[in-house]
Amino acid sequence: MSITKEQVFEQGKQQTLWAGHLIAADNLSTATIDNYTPINNTLIGQIASGTSEDVDIAVRVARDSFENGEWRHLAPAERKAIMQRWCVLMLEHSEELAALDCIDAGKPITECLNTDIPATIETFEWYAETADKVFGKVAPTGSAALGLIVQEPIGVVGAVLPWNFPAQMYAWKVAPALIMGNSVIVKPAELTSLSAYRLTELAYEAGVPKEALQMVCGLGENVGAALGRHMDVDMVSFTGSTEVGRLFLQYASESNLKEIVLECGGKSPQVVFDDAILDEAAINNILTAAFWNMSENCSCGSRLIVHSSQKESLLSQLKKGLKAWKVGSPYESDTAIGPMIEKTHFEKVCHYLKTAKDEGATLIVGGSIREDLGSGWYIEPTIFDNVSADMTLFKEEVFGPLLAITSFETEDEAIKLANETNYGLAASFYTQNIKRAYRVASSIKAGTVSINGFSEGDITTPFGGYKQSGFGGRDNGLEALAQYTQTKTIWVVN
Ligand code: NAD
């Protein structure tokens, strides 16, 4: 039965929101972790706190299911039909799912209703369609043999998720992994497990076998590490910090050399050239790149690299544009900026705020903590000018609403500054010159480059990072399917 967002928020007040293990077996651990909302730092319920034994059980179930073929041997069109039924259920429950992400992650409800959940459903719809439209190949062997090149599901897949887009990141991993016929074990972020739990329950209602899609809740160092180190997990698809991403490579090398795909952090540049048209749309795009989702966004355009001739006008327009970005309770429909996800993260962002000042950056707008609001973890969108390439704010991923402005004189200098980072997830730049557009797009080392706007692409286009932003594959597009399959050659001798 679908419920309204008000009912979800009421359940939060009653402290009854719950996300537990969805493992098709008995004898699971029973420990729980209290779950607080960042909106006002009050208890809203509990999540299960999984152990490595829970992971062992889930992997055994997933392996048996994969070998039995109850999911992978279904006709692709049948897997498609089940996923499409799941999408219908998601649509019916979209208000509930949006409210769960809102209360769990402190994301503005309007964003959850209009962006996160529709994009989640779109992802499942899109991958459902791929089930019976991806073909293998026949090799040009000549008449001596028939060489078939086929893609097979990889087996038992662990999907380890971050907290910033809980439902959407679930979709980015689960939809392609499942449609290819794998047995999937989801490990949501401990801070945001609620929507993953409901999405998985809806999957069962739609007909996905409980053994083919399971979920183990709990802490990263317990559940995430157990998946990473497990000898019978065939691959882990991870989205999260670069720091934890590195651990997964270590886990794999110390266990069974499982495949690892990493989607990690970023410090993305936005470049404004001297010929850029800075109209309202461009200003909105620049602000969205910088501050959307409280800047808790891997592709956040946190470095604004601007030609000196444009700087003054740009700064005054950004200041004007920011007035529309209301900082407030995520429950209110006109709120654009909610709280930071948790106290520790809030303190980290405050530290970056102080460091930027200490290192000599010039505060242009914002910089205040809104202690009057809910949890007190609300930070105004903040812009610093005169940020040089050696400053911390230019180099490190803040994951909070601090935008660094750096000016340049020549195109070469702009490209050098844009690439002066360990990351390479996304970039955007503004110019009217088509030759420059192509030149710069080719020179920037990032997985997604947008021209005259901010974008992460859409479900049809691959998303992932160069350098320390990613490893081993891409999310989205048909490219994502490669993560979840292995290539086999079948050689038939004539
Ligand atoms: P995180 O690395 O702290 O956690 C991600 C996941 O890893 C969580 O499920 C967590 O429980 C688990 N984990 C934590 N410690 C672990 C350990 N020791 N062993 C195994 N698993 C462990 O990341 P986060 O704070 O949830 O998310 C923010 C980060 O995610 C940012 O760096 C952001 O840029 C990145 N991100 C990247 C993308 C992308 O597509 N590239 C998308 C969203 C977020």
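Quantities reported herein were computed from a predicted structural model and do not represent experimental measurements. (Residues numbered from 1 in each chain as written. Predicted model: local features only at pLDDT ≥ 70, side-chain atom pairs only at ≥ 80, totals over all residues. Heavy atoms only, no water.)

Caption draft 1: Structural detail: the site of the ligand. Residues in contact with the ligand amount to 30 residues; listed here are only the nearest, Leu161, Glu190, Ser241, Tyr251 and Glu397. Interatomic distance of 2.9 Å between a side-chain N/O atom of Lys187 and an oxygen atom of the ligand. Between the ligand and Cys264 there is a distance of 2.8 Å, counted from a nitrogen atom to a backbone nitrogen or oxygen. The protein chains hide 90% of the 850 Å² of surface that the ligand would expose on its own. Sorting the residues of the shell around the ligand by element identifies α8 (220–229), β9 (235–239) and α9 (242–254) as the ones contributing at least two each. (Near = heavy atom within 4 Å. Polar contact = N/O pair within 3.5 Å; in protein donor to acceptor, adjacent residues only side chain to side chain. Areas by Shrake-Rupley, 256 points an atom, 1.4 Å probe, with all protein chains shown as cover. Helix = DSSP H or I, 4+ residues; strand = E, 2+ residues; numbered from the N terminus.)

Caption draft 2: Fine view of the UniProt feature "domain: Aldehyde dehydrogenase" (unreviewed entry) in the chain. Sites flagged by UniProt as "domain: Aldehyde dehydrogenase" (unreviewed entry) map to residues 31–490. As a span, residues 31–490 carries 41% helix and 20% strand, and end to end its C-alpha atoms are 48 Å apart. (UniProt positions renumbered as here; feature names shortened; annotations may be inferred.)

Caption draft 3: Just a nonpolar patch on the surface, in detail. On the surface, a cluster of nonpolar side chains totalling about 310 Å² of accessible area is made up of Val138, Leu146, Ile490 and Val492. Relative accessible area serves as the criterion here: at 37%, Leu146 is assigned to the partly exposed category. (Patch = residues over 30% accessible without salt bridge, like charges linked within 9 Å, V, L, I, M, F, W, Y side chains within 5 Å. Salt bridge = Lys/Arg side-chain N within 4 Å of Asp/Glu carboxyl O. Buried < 20%, exposed > 50% of the residue type's maximum accessible area, 1.4 Å probe, protein only.)

Caption draft 4: Fine view of unusual backbone geometry. Even without a glycine there, the phi angle at Asn27 is positive, about 60°. Here Asn27 is to be found in the loop between β1 (17–19) and β2 (32–37). Residue Asn27 is classed as exposed on the basis of its relative accessible area, which comes to 74%. Even without being a glycine, Asn476 presents a positive backbone phi close to 70°. Taking the relative accessible area as the measure of exposure, Asn476 reaches 3% and is therefore buried.

Caption draft 5: Expanded view of helix α10 (residues 280–291). Here α10 spans 16 Å end to end across 12 residues, near enough to the 16 Å set by a 1.5 Å rise per residue. Residues Ala282, Ile283, Ile286, Leu287, Ala289, Ala290 and Phe291 constitute the buried set of α10. Buried positions along α10 lie against β11 (269–272), β12 (303–307), α11 (308–322), β14 (382–385), β15 (402–408) and β17 (426–430). Looking at the residues trailing α10, positive phi occurs at Asn293, about 60°. (Expected span 1.5 Å × (residues − 1). Contact = heavy atoms within 4.5 Å.)

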